[in-house]
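# An overview of the molecular structure
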Amino acid sequence: MELNKATIEEFESIIAFYDDVTERTPDMERFARWQKRKHPTIDGIRAYIEEGSMYLYKENDAIVGAMAVTMYQGEDYHAIEWSQQVKDNEAAVIHILAVSPDVQGKGIGSEMIREAIRLAQTNGMKAIRLDALASNTPAHKIYKALGFEYRGQQHLYAENTGWTDFYFFELKQ
């Protein structure tokens, strides 16, 4: 699998990809609760592309997977008791991981996470982290199977969910 950094020229295709994932993923409203253009947002996707954090996985020139991998963590991550304390710019964070409904269940999401781990390690990150809604139990199982461990939760506000619980995970080192 090869992930490629997204370009601004791919912006409209990426938005269309996330719209499709949001509309057609089974049980979206139950587990991840993404809503078209509320999460992920158009501005958020543009920001990830512009900072060089958006990555795409394509098959036959079609986007079948996308995610952002930042080489920093935000303030939301400060309240969690991590296994190791690192500076914000020493922790990679995986965001808005999505796989096309046409190829879900084939291990693409897991392979994308493995690629994100390699990318973070190549960039010298000391920690690799992510978060997911407490209700997103299918994602939790994947993260744990890939070596991430649950580190805590926070009650946070998001446009698509309102106030809700988020679980935070860290790759075991």
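Attention in this report is confined to the structure presented alongside it. On a predicted model such as this, the values are computed, not experimentally measured, just so you know. Position numbers for residues count from 1 along each chain, tracking the sequence in the order it is written. Given that the model is predicted, a residue must reach a pLDDT of at least 70 before its local features are reported, and side-chain atom pairs must reach 80 or more before they are shown or counted; all residues, however, enter totals for whole chains, interfaces and linings. Only hydrogens and water are set aside when side-chain values are computed; all heavy atoms of the structure are taken into account.

### What to know about the sheet that holds strand 6 (residues 148-158)
A pair of strands is considered paired only if DSSP assigns at least 2 bridges between the two. In this text, helices come from DSSP runs of H or I with a minimum length of four residues, and strands from runs of E with a minimum of two, each type numbered from the N-terminal end. The seven strands are arranged 1-2-3-4-5-7-6 in an open sheet whose pairing can be described as mixed. Pairing within the sheet leaves two strands with one partner each, and these edge strands are strand 1 (4-5) and strand 6. Bridge analysis of strand 3 (residues 62-70) against strand 4 (residues 91-99) gives five bridges, and the strand direction is antiparallel. When the sheet's bridge partners are listed, Ala-68 is paired in strand 4 with His-95.

### A short note on empty space enclosed by the protein
Any residue with an atom within 4 Å of a point lines the site, the site being either a cavity, points on a 1 Å grid over the protein atoms alone where a 1.4 Å probe fits but cannot get out, or a pocket, an open set with protein on both sides within 12 Å along at least 5 of 7 lines. Grid points are joined across faces, edges and corners, and a volume is the space filled by probe spheres set on the points. Taken as a whole and judged by the stated rule, the model has one cavity of 30 Å³ or more. There is about 50 Å³ of room inside the largest cavity. Taken together, Ile-15, Tyr-18, Asp-19, Thr-22, Gln-35, Lys-36, Arg-37, His-39, Pro-40, Thr-41, Ile-42 and Ile-45 make up the lining of the largest cavity. Going through the elements one at a time, helix 1 (11-24) and helix 2 (42-50) are the ones with two or more residues in the lining of the largest cavity.

### Here we look at the packing of helix 1 against helix 2
For any two helices packed against each other, the geometry is given by the interaxial angle and the distance between the axes. For the pair helix 1 and helix 2, the least separation of the axes is 11 Å and the interaxial angle reads 130 degrees. By the criterion of interaxial angle, the relationship of helix 1 to helix 2 is oblique. Between helix 1 and helix 2 the crossing geometry is right-handed. Together, Phe-11, Ile-14, Ile-15 and Tyr-18 of helix 1 and Ile-42, Ile-45, Arg-46 and Ile-49 of helix 2 make up the contact between the two elements. For this scheme, ten residues count as nonpolar: Ala, Val, Leu, Ile, Met, Phe, Trp, Tyr, Cys and Pro. Four count as charged, namely Asp, Glu, Lys and Arg, and the remainder, Gly too, count as polar. Taken together, the residues that form the contact of helix 1 with helix 2 break down as seven nonpolar, no polar and one charged. Only the stretch in contact is used when a helix axis is fitted, and all axes are lines through C-alpha atoms; the angle between N-to-C directions ranges over 0 to 180 degrees. Roughly parallel means an angle under 35 degrees; roughly antiparallel, over 145; roughly perpendicular, 65 to 115; everything else is oblique. Put simply, a crossing is left-handed when the front helix is turned counterclockwise from the back one by less than a right angle, and right-handed when it is turned clockwise. Contact criterion: two residues are considered in contact whenever any of their non-hydrogen atoms come within 4.5 Å of each other.

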